[in-house]
Amino acid sequence: MKKILICYYSESRSTEEVCYNIGDTFKAVYDVTIQPIKMINNIDAYETIIIAAPVHGMNWHMNAFNFVVEFKAKLIHKEVVYIALASMAYQGREFWQKKVYKSLEKPSKIVSPIETAIFGGLIGDMPTFFNFLFGISSNVKRDQRDWEMIEAWKINLMKKLKKSWTIKLFSSYYWLVVTLSNHSFSNLLETSDICTSN
C-alpha cells in the first residue's frame with residue numbers, strides 16, 4: 001500500500017483542518033500519516049509527500065519552504081504536492097491575487113511537484129487601512145475555504161496518484177520479467193556450453 005505523508009504548518013488551524021480533511025479521504029485507500037512539519041525528521045518511508053502551509057507576506061510560509069530545502073535530496077525522488085492557503089486567493093485587489101498565485105513558484109524550482117493547489121484561507125482582523133490596501137471588504141466572509149473545491153481537487157489527486165502507482169507497479173513487474181528471462185536464458189546458454197564440451 002502506498003504510504004503518504006501529509007505535513008503542514010498552520011497558524012490558525014485552517015491549514016491543519018484542510019490537511020485532515022484530505023487525509024481522512026485518502027485513508028480509505030492509502031497508508032496516511034498527518035503531522036506538523038516541525039515533527040518530521042525522516043521521510044524515507046513515504047512515496048508521496050504533501051506539504052501544506054499558508055501564504056505569509058505573499059510567500060509560501062518559510063517553515064514549509066525550509067522543509068523543501070532541507071529534504072530536497074530525498075524529495076526529488078518522491079511524488080511531491082504543494083498546498084497553499086491564502087485569504088486573498090479568491091478576493092482582494094488583482095495585484096495581490098497575482099502574488100498569491102505565484103507563491104508556489106519558488107519551492108517548485110527547488111523540487112518540482114506533481115500537483116499544486118491554492119485554496120482560500122481565514123481572514124484575520126485587520127485595520128481599516130489594510131482592508132483598503134488589499135481591497136478586502138469589511139463585511140467579507142472570514143472563512144474563504146471552498147470545501148467543494150477542496151473535495152474535487154483531492155479526488156483528482158487520488159486519480160493521479162493511483163495512475164502513477166499503477167505505472168510504477170507495471171514497470172517493476174516488467175523489470176522482474178525481463179530480469180528473470182535474461183537469467184533463464186543465461187542458464188540455458190551455460191547448460192548448452194556444458195553439453196557441447198562433453
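Structure: above.
As the structure is a computational prediction, the values presented were derived from the model and not from experiment.

**Q** Which parts of the structure should I look at to understand the pattern of salt bridges?
**A** Close approach of charged atoms allows side chains of opposite charge to pair. What the rule picks out here adds up to 7 salt bridges. Of the charged contacts in the structure, one is a salt bridge between Glu-79 and Lys-2, with a shortest N-O distance of 2.8 Å. Taken together, the residues span a long stretch of sequence, with Glu-79 in strand S5 (residues 79-86) and Lys-2 in the segment before strand S1 (3-8) at a distance of 77 residues. In this structure, Asp-44 and Lys-74 form a salt bridge, with 2.8 Å as the shortest nitrogen-oxygen distance. Residue Asp-44 is located in the loop between strand S2 (31-36) and strand S3 (48-56), and its partner Lys-74 is located in helix H3 (residues 72-75); the two are separated by 30 residues in the primary sequence. Taking relative accessible area as the criterion, Asp-44 reaches 47% and is therefore assigned partly exposed. When its relative accessible area of 37% is taken as the criterion, Lys-74 is described as partly exposed.

**Q** Looking at this structure, how should I read the nonpolar core?
**A** Side chains that are nonpolar tend, in soluble globular proteins, to be buried together. Within the largest apolar cluster, 30 residues are counted, with the highest numbers of intra-cluster contacts made by Ile-49, Ile-51, Trp-60, Phe-67 and Leu-75. If you list the elements that add at least two residues to this core, you get S1, S3, helix H2 (62-70), S5 and helix H4 (94-101). Not counting residues within four places of it along the chain, the set of residues in contact with Phe-67 comprises Cys-7, Ile-37, Ile-40, Ile-43, Ile-49, Ile-51 and Leu-75. In terms of nonpolar packing, the next biggest core, distinct from the first, is built from 22 residues, Ile-6, Ile-50, Phe-119 and Leu-157 among them.

**Q** What is the right way to read the side chain of Thr-48 from this model?
**A** For Thr-48, the position within the fold is in strand S3. Residue classification places Thr-48 among the buried positions, given a relative accessible area of 0%. Within the local environment of Thr-48, its side chain forms a polar contact with the side chain of Glu-79, the two groups lying 2.5 Å apart. Excluding anything up to four places from it in sequence, Thr-48 contacts Lys-2, Lys-3, Ile-4, Leu-5, Glu-79 and Leu-161.

Cut-off values and rules
Residues numbered from 1 in each chain as written. Predicted model: local features only at pLDDT ≥ 70, side-chain atom pairs only at ≥ 80, totals over all residues. Heavy atoms only, no water. Salt bridge = Lys/Arg side-chain N within 4 Å of Asp/Glu carboxyl O. Helix = DSSP H or I, 4+ residues; strand = E, 2+ residues; numbered from the N terminus. Buried < 20%, exposed > 50% of the residue type's maximum accessible area, 1.4 Å probe, protein only. Core = buried A, V, L, I, M, F, W, Y, C linked by side-chain atoms within 4.5 Å. Contact = heavy atoms within 4.5 Å. Polar contact = N/O pair within 3.5 Å; in protein donor to acceptor, adjacent residues only side chain to side chain.

Without other data, these values stay purely geometric and don't point to any function.
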